[in-house]
Amino acid sequence: MQAVVDILKLAVRPTSVTFFIGLLGVGVALAFVRRTARLARWYFVAVFLSLWMLTAPACAERLVAWRAGAIPTLATAADARGAAVVVVLGAGNMTFQARGLTLSEITWNGVFRVLEGARLYRLLDKPTIVVSGGVTGRDAGARPEAEAMRDAMLELGVPPDHIVLETESKNTREEAIIIARMLAGRASQRIVLVTSPTHMPRSLAVFRAAGLDPIPSAAAYKSDHSLERLRWLPSDAGLVLLDSVVYDTAATWYYKARGWIPR
């Protein structure tokens, strides 16, 4: 089952090369069958127009708002309702290895989650920051996401004695289960949960199912003052936003089908 899920993650994500090759392959197949050759032209037109619209920031941002719903971001310390732990969920990382040296970098979504965690560290008077994410890369020597997130937190001024790493998990459900276990000895399990807007609804449901009391603080999904020009032209940022919507929508269906979150 997991092997099938891993293949689908590669095949249906808009940022995947496999996805675009698949789209082209369908069109080529239609073009070389006599009965569908005329249909191939309209297929390519539909793919072109769909990708143009869906990767334009004006449309992609609306999709993010639809997927996320009305998820709040903490504005004051009182909004945390006494929570002294901030959990920042992983979003994947890239491990580069060459000639005996290794460098791990967090992804686009991971950057904004770390920025939100660092902001909350200042807002909430130095809480404990749990950065979460194990080894998700398939190459030998890949490093845990949490290590790269910790390095970014340190760069943003969060001291090392306020950062706790969770390096075992490979998905959101495992993050919730492991973090619940890590916090089992605390008198209160109320936490502030930080993740991307499209990921937040599923994350809240999973963490509540694990017995925790998460207070959401959604990370930003774009840099300040970006995506304000050429809003109806396709862009890399629009593609990343579309990818997050597709991925989190599919993952939510999968979690419901497995019974991990309420239907």
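A brief report on the enclosed structure follows. (Residues numbered from 1 in each chain as written. Predicted model: local features only at pLDDT ≥ 70, side-chain atom pairs only at ≥ 80, totals over all residues. Heavy atoms only, no water.)

**Quick word on helix 7 (residues 172–182)**
Here comes step 1: Burial in helix 7 covers these residues: Thr-172, Glu-175, Ala-176, Ile-178, Ile-179 and Ala-180.
Here comes step 2: Residues of helix 7 that are buried sit in contact with strand 1 (85–88), strand 4 (128–132), strand 5 (163–166), helix 8 (200–209) and helix 9 (236–258).
Here comes step 3: Near the N-terminus of helix 7, the side chain that reaches the backbone nitrogen of Arg-173, with its oxygen 3.2 Å away, is that of Asn-171. (Buried < 20%, exposed > 50% of the residue type's maximum accessible area, 1.4 Å probe, protein only. Helix = DSSP H or I, 4+ residues; strand = E, 2+ residues; numbered from the N terminus. Contact = heavy atoms within 4.5 Å. Polar contact = N/O pair within 3.5 Å; in protein donor to acceptor, adjacent residues only side chain to side chain.)

**Some points on the pattern of salt bridges**
Here comes step 1: Taken as a whole and judged by the stated rule, the model has 9 salt bridges.
Here comes step 2: Of the charged contacts in the structure, one is a salt bridge between Glu-116 and Arg-119, with a shortest N-O distance of 2.7 Å. Residue Glu-116 and its partner Arg-119 are both found in helix 5 (residues 108–123); the two are separated by 3 residues, about one turn of the helix.
Here comes step 3: Given the relative accessible area of 7%, Glu-116 is considered buried.
Here comes step 4: Note that Arg-190 is salt-bridged to Asp-213, the shortest N-O span being 3.1 Å. Of the two residues, Arg-190 is situated in strand 6 (residues 190–194) and Asp-213 in strand 7 (residues 213–216); the sequence distance between them amounts to 23 residues.
Here comes step 5: We classify Arg-190 as partly exposed; its relative accessible area is 29%.
Here comes step 6: Taking the relative accessible area as the measure of exposure, Asp-213 reaches 31% and is therefore partly exposed.
Here comes step 7: When salt bridges that share partners are traced, they join Glu-61, Lys-222 and Arg-231 into one network. (Salt bridge = Lys/Arg side-chain N within 4 Å of Asp/Glu carboxyl O.)

**A closer look at the environment of Val-206**
Here comes step 1: Summarising the element assignment, Val-206 is placed in helix 8.
Here comes step 2: Residue classification places Val-206 among the buried residues on the basis of a relative accessible area of 4%.
Here comes step 3: Separated by 56 residues in the primary sequence, Val-206 and Pro-262 have C-alpha atoms spaced 9.0 Å apart.
Here comes step 4: In contact with Val-206, other than residues within four places in its own chain, are Thr-172, Arg-173, Ala-176, Tyr-255 and Ile-261.

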